[in-house]
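Residue-level structural notes
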Amino acid sequence: MPSVILAKDQPFDLDLSLSCGQVFGWEREETAWRGIVGQKLIRIVQKGDRLSFSGADTGFIRYYFALDVDLPEILSSIDRDPVIHYAVSSCSGLRIIRQPPWECLASFICATYSNIPGIRKRVHLLCQNLGAPLSPEYPGLFSFPSPTAIAGAETCMLSGCSLGYRAGYLRETARVLAADTGWEERIDALSFPKARANLLRLKGVGKKVADCVLLFAFGKWESFPVDVWIERIMTRCYPECRDLRTYDKISDFGRAYFGKYAGYAQEYLYCCRTVLAGRVDAGKGRGGGSNLYVPDSQPER
DNA sequence: TCCCAGGCCGTCG
DNA sequence: CGACGGCATGGG
């Protein structure tokens, strides 16, 4: 089984990176993770500084998990107050994965107004219902369906993926992109704002989805997606955001404040969302209020 | 049972 | 612009 040894000064946490809500096509097996990326069926396990894997070559693994990125350098650039410092300290080794654009885009179209387990279910169903068999070696495992496969899917197959009202958006966007080979290269070559405007023309793609795709698939690390959790965290922990009520104002603040790696800051904050939003009790009891482990909600800086 | 979830779209001031 | 209702589904 091939493996890579992580550099001592380049932390990486596989579990954290795969379970933090940036990617939805991976599942835990007994000891390892199993993931479908493109046409690859990848298994990977981490033991300390050793990453052992199958189904892909070393170059792909290093690229996909962004092991070539100087993480400490990025984190030192965003670590500018007690709030983000808490998040950075709590999520050591979290890296932003480089996802294939279509899988990422389609996943986040399916992600709107849903929780993470629900998104994972939809992604899994899409693969099972509309994906291509990976190989005779892995019966029952299917790739993420291409735009063409989704555009041409029987309505009942698409509806059977628990997509709800998102099914129409996904199908329409799949239809447009199936006829637009080269869209990935085009987006990739554009600046962040132009790429964003381009993605916003697609059905089911609003600011949040566009920003997630730019961050998680196109390496536009200044992107600062704002979901309900990030909105809570920013308005609660950052006085400058106290009264900001629109998406763009919060996102623009995040980008201006954290700089060109604002997306990393966003992801670390998101990873600590229940604590930083003051909702440790969410789902049980009355929720809200507890400040366990939370740095001062109005940090002096 | 209830509330909420990595929101978007159409519409109306 | 900004605000607001509707939307389908599943998880806790």
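Residues numbered from 1 in each chain as written. Chains lettered and ligands numbered in written order. Predicted model: local features only at pLDDT ≥ 70, side-chain atom pairs only at ≥ 80, totals over all residues. Heavy atoms only, no water.

**Comments concerning the side chain of T173**
Checked against the element boundaries, T173 lands in helix α9 (residues 166-178). There is a polar contact of 2.7 Å between the side chain of T173 and the backbone oxygen of K203. (Helix = DSSP H or I, 4+ residues; strand = E, 2+ residues; numbered from the N terminus. Polar contact = N/O pair within 3.5 Å; in protein donor to acceptor, adjacent residues only side chain to side chain.)

**Describing the packing of helix α13 (residues 228-237) against helix α14 (residues 247-258)**
Running from N to C, α13 and α14 point in directions that differ by 65 degrees, and their axes come no closer than 11 Å. Classified by chirality, the crossing of α14 by α13 is left-handed. Residues E231, M234 and T235 of α13 lie in contact with α14, whose contacting residues are I250, F253 and F258. (Axes fitted to C-alpha atoms, helices over the stretch in contact; angles between N-to-C directions. Left-handed = near helix turned anticlockwise from the far one by under 90°. Contact = heavy atoms within 4.5 Å.)

**A closer look at the sheet that holds strand β5 (residues 50-54)**
Strand pairing in a sheet is mediated by backbone hydrogen bonds. Such pairs are either parallel or antiparallel. Strand order in this open sheet of 5 strands is β1-β5-β4-β3-β2, and the pairing throughout is antiparallel. Strands with a single pairing partner mark the edges of an open sheet, and in this sheet they are β1 (3-5) and β2 (26-28). The mean angle between the axes of side-by-side strands here comes to 20 degrees, regardless of whether they run parallel or antiparallel. Looking at chain direction, strand β4 (residues 40-47) and β5 are connected through 5 bridges and run antiparallel. Counted as the bridge partner of V45 is S52 from β5. (Pairing = 2+ DSSP bridges.)

**Some details on the protein's contact with DNA strand B**
Inspection of the region around DNA strand B gives 28 residues, with G21, N115, I116, R232 and Q266 positioned closest. When atoms of DNA strand B within 4 Å of the protein are sorted by moiety, sugar and phosphate together comprise 61%. G204 has a polar backbone atom sitting 2.8 Å from a phosphate oxygen of DNA strand B. At a separation of 3.3 Å, a phosphate oxygen of DNA strand B approaches a polar backbone atom of K208. (Near = heavy atom within 4 Å.)

**Some points on the protein's contact with DNA strand C**
Close to DNA strand C lie Y113, N115, P117, K121, S162, G164, Y165, R166, T246 and K249, which account for all nearby residues. By atom count, sugar and phosphate contribute 68% of the portion of DNA strand C lying within 4 Å of the protein. One nitrogen or oxygen atom from the side chain of N115 is found 3.1 Å from a sugar or linking oxygen belonging to DNA strand C. Considering only residue class, the surface near DNA strand C consists of 3 nonpolar, 4 polar and 3 charged. (Nonpolar A, V, L, I, M, F, W, Y, C, P; charged D, E, K, R; others polar.)

**With respect to the environment of P225**
Inspection of the secondary structure assignment puts P225 in the loop between α12 (207-216) and α13. Along the sequence, P225 and A56 sit 169 residues apart, while their C-alpha atoms lie 30 Å from each other. Residue contacts for P225: discarding those within four places in its chain leaves K208, D211, C212, L215, I230, Y247 and Q266.

**Brief notes about the domain arrangement of chain A**
By a widespread convention, an interface's size corresponds to the accessible area lost as its parts come together. Segmentation of chain A into domains returns domain 1 (3-68), domain 2 (75-95 + 219-301) and domain 3 (101-216). Each of domain 1 and domain 3 has a C-alpha centre, and the two are 22 Å apart. Listed by partner, the interface residues are 17 residues for domain 1 and 15 residues for domain 3. In this assembly, domain 1 packs against domain 3 so that about 1300 Å² is buried in total across both faces, 62% of it on carbon and sulfur atoms. Applying the counting criterion to the domain 1 and domain 3 interface returns 0 salt bridges. At the boundary of domain 1 and domain 3, one finds 2 residue pairs in polar contact (both at pLDDT 80 or more). Those elements giving two or more residues to the side of domain 1 that touches domain 3 turn out to be β2, β3 (33-37) and β4. Within the side of domain 1 that touches domain 3, the residues separate by chemical class into 8 nonpolar, 5 polar and 4 charged. (Domains from an automatic or database assignment. Buried area = accessible area lost by both parts, 1.4 Å probe. Salt bridge = Lys/Arg side-chain N within 4 Å of Asp/Glu carboxyl O.)

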